Amino acid sequence: MPIQFTTDDSPGYRRLALWQDIVCDVFVGLDCKSDLGSAFHGSVTQVPLGKAVCSDVCSDRQHVFRTPSRIARSDQDYVLVALGNRGDGGVVQDGRETVIHPGEFALYDTTRPYELKFNDSFTQTIFKVPREMLQRRLGATEALTAISFGADMPLERIAYDFIFRLCHSADRLAPDHAAALSEQAVDLLAMALSERLGKTSLPSSTHRSALLYRLKAHIRAHLADPDLSLAESAAALGISPRYVNDLLADEDISFQRYVLAERLAQCRRDLASPMLAHRHISEIAFAWGFNDLSHFGRVFREHFGMSPRDFRQSQLRH
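All figures in this text were calculated on a predicted structure; none of them were measured in a lab.

## Overview of the overall build of the chain
Next, step 1: In terms of regular secondary structure, the chain is built from 12 helices and 11 strands.
Next, step 2: Taking 318 residues into account, the globule formula puts the C-alpha radius of gyration at 20 Å, and the chain, at 21 Å, falls close to it.
Next, step 3: Buried residues in the chain amount to 47% of all 318 residues.
Next, step 4: As displayed, the chain offers around 15000 Å² of accessible surface, 53% of which is attributable to carbon and sulfur atoms.
Next, step 5: Charge centroids of the chain, computed over 36 positive and 40 negative side chains, lie 3 Å from each other.

Listed below in structure tokens is the structure:
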């Protein structure tokens, strides 16, 4: 069931303070200002979606700040994807400023200061994603914040429509479906962002981010192939094997360890799914590129602290 927060039942003199408490609870620590005082109104509806969270925000005009002092007191590590629905909203981060119009989206990262500017009433859908989910696919986010997406590019429009409709259906989805669809939403988002990066004249650091996304996308598309190799992946991207490992070294991981971690993550997801309870553990392991069941069992236990069988039983009992 969606959780709704609203200022409507609060005395006028308390509304703006209550609103700040609401947005801090739902999103991250923020400072909110509005010249409306006791006439201010705002509401937020929140629904979990796997590791992500979907929220609908409907509010009067305001100015919102994520300050260095707020960040210093917080360990909240998210990327927020704001999808415009009604009214316009400004985003300022990383030396850039953009305006989100209805049908467009933009990103901001909670680990760095940002401002949100709303000069009139507005409605936005916010897709709150653990930063690791996007970083694992794309790399650093600094080149992507405070940029409007979705107006003209087909892939950006598809990403907007998919995430918007998914968030508005989130409360009616079974938990395993919600988790799978949230991963697909981040896949689609990363694809749209990467396409934009690929069509822009990029500084070298951003070019590395785009290339890292292409590398990760290639690996994820070929995880089921037990012969997936460093040399083959490098050739597919037209770069050297040394450069592949150099890209991954930015995240303190090697090619082999990244492939193993992704295969284990997919196996873990499938083992936890009630819809796949009929499949043998060996089938799942082999489907994601493992070719030695004893090796799979050993590395699974090293990463997750229990055997694949025990993990499956613990998840399916819930």
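## A word on helix α8 (residues 241-249)
Next, step 1: All of the buried residues along α8 are V244, L247 and L248. For α8, the angular spread of buried residues about the axis comes to 95°, placing them on one side.

## A few points about the UniProt feature "domain: HTH araC/xylS-type" (unreviewed entry) in the chain
Next, step 1: Mapped onto this structure's residue numbering, the UniProt feature "domain: HTH araC/xylS-type" (unreviewed entry) falls at residues 213-314.
Next, step 2: Helix makes up 68% of residues 213-314 and strand 0%, whereas the separation of the span's terminal C-alpha atoms amounts to 34 Å.

## Section: the pattern of salt bridges
Next, step 1: Taken as a whole, this structure holds 14 salt bridges when the rule is applied.
Next, step 2: The closest approach of N and O atoms between D77 and R131, which form a salt bridge, is 2.5 Å. With D77 in the loop between α2 (68-72) and β6 (78-86) and R131 in helix α3 (residues 131-138), this pair connects stretches of sequence that are 54 residues apart.
Next, step 3: We classify D77 as partly exposed; its relative accessible area is 34%.
Next, step 4: For D187, the salt bridge identified is with R220, shortest N-O distance 3.1 Å. On the criterion of sequence distance, the pair formed by D187 in helix α5 (residues 175-198) and R220 in helix α6 (residues 204-221) is long-range, its members being 33 residues apart.
Next, step 5: Each of D77, D94, D109, R112, R131 and E142 takes part in one network of salt bridges that share partners.

## A few points about the state of the cysteines
Next, step 1: Evaluated as defined, the whole model comprises 1 disulfide.
Next, step 2: Paired by a disulfide, C54 and C167 hold their sulfur atoms 2.4 Å apart. Where C54 bonds to C167 through sulfur, the torsion about that S-S bond is close to -65°, and the disulfide is left-handed. Of this pair, C54 sits in strand β4 (residues 52-59) while C167 sits in helix α4 (residues 154-169); the two residues are 113 residues apart in sequence, bridging distant segments of the chain.
Next, step 3: Its relative accessible area of 3% is what places C54 among the buried residues.

## A closer look at the packing of helix α7 (residues 230-237) against α8
Next, step 1: At their nearest, the axes of α7 and α8 sit 8 Å apart, and the two run at 90° to each other. Looking at the two axes, α7 sits roughly perpendicular to α8. Residues L230, A231 and A234 of α7 touch α8, and the partners they reach there are P241, V244 and N245.
Next, step 2: Among the residues forming the contact of α7 with α8, the class breakdown is 5 nonpolar, 1 polar and no charged.

The rules behind each value
Residues numbered from 1 in each chain as written. Predicted model: local features only at pLDDT ≥ 70, side-chain atom pairs only at ≥ 80, totals over all residues. Heavy atoms only, no water. Helix = DSSP H or I, 4+ residues; strand = E, 2+ residues; numbered from the N terminus. Rg over C-alpha atoms; globule rule 2.2 N^0.38 Å. Buried < 20%, exposed > 50% of the residue type's maximum accessible area, 1.4 Å probe, protein only. Areas by Shrake-Rupley, 256 points an atom, 1.4 Å probe, with all protein chains shown as cover. Lys, Arg positive; Asp, Glu negative; His and termini not counted. Charge placed at Lys NZ, Arg CZ, Asp CG, Glu CD. Arc of directions from axis to C-beta. UniProt positions renumbered as here; feature names shortened; annotations may be inferred. Salt bridge = Lys/Arg side-chain N within 4 Å of Asp/Glu carboxyl O. Disulfide = S-S within 2.5 Å. Axes fitted to C-alpha atoms, helices over the stretch in contact; angles between N-to-C directions. Parallel < 35°, antiparallel > 145°, perpendicular 65-115°, else oblique. Contact = heavy atoms within 4.5 Å. Nonpolar A, V, L, I, M, F, W, Y, C, P; charged D, E, K, R; others polar.

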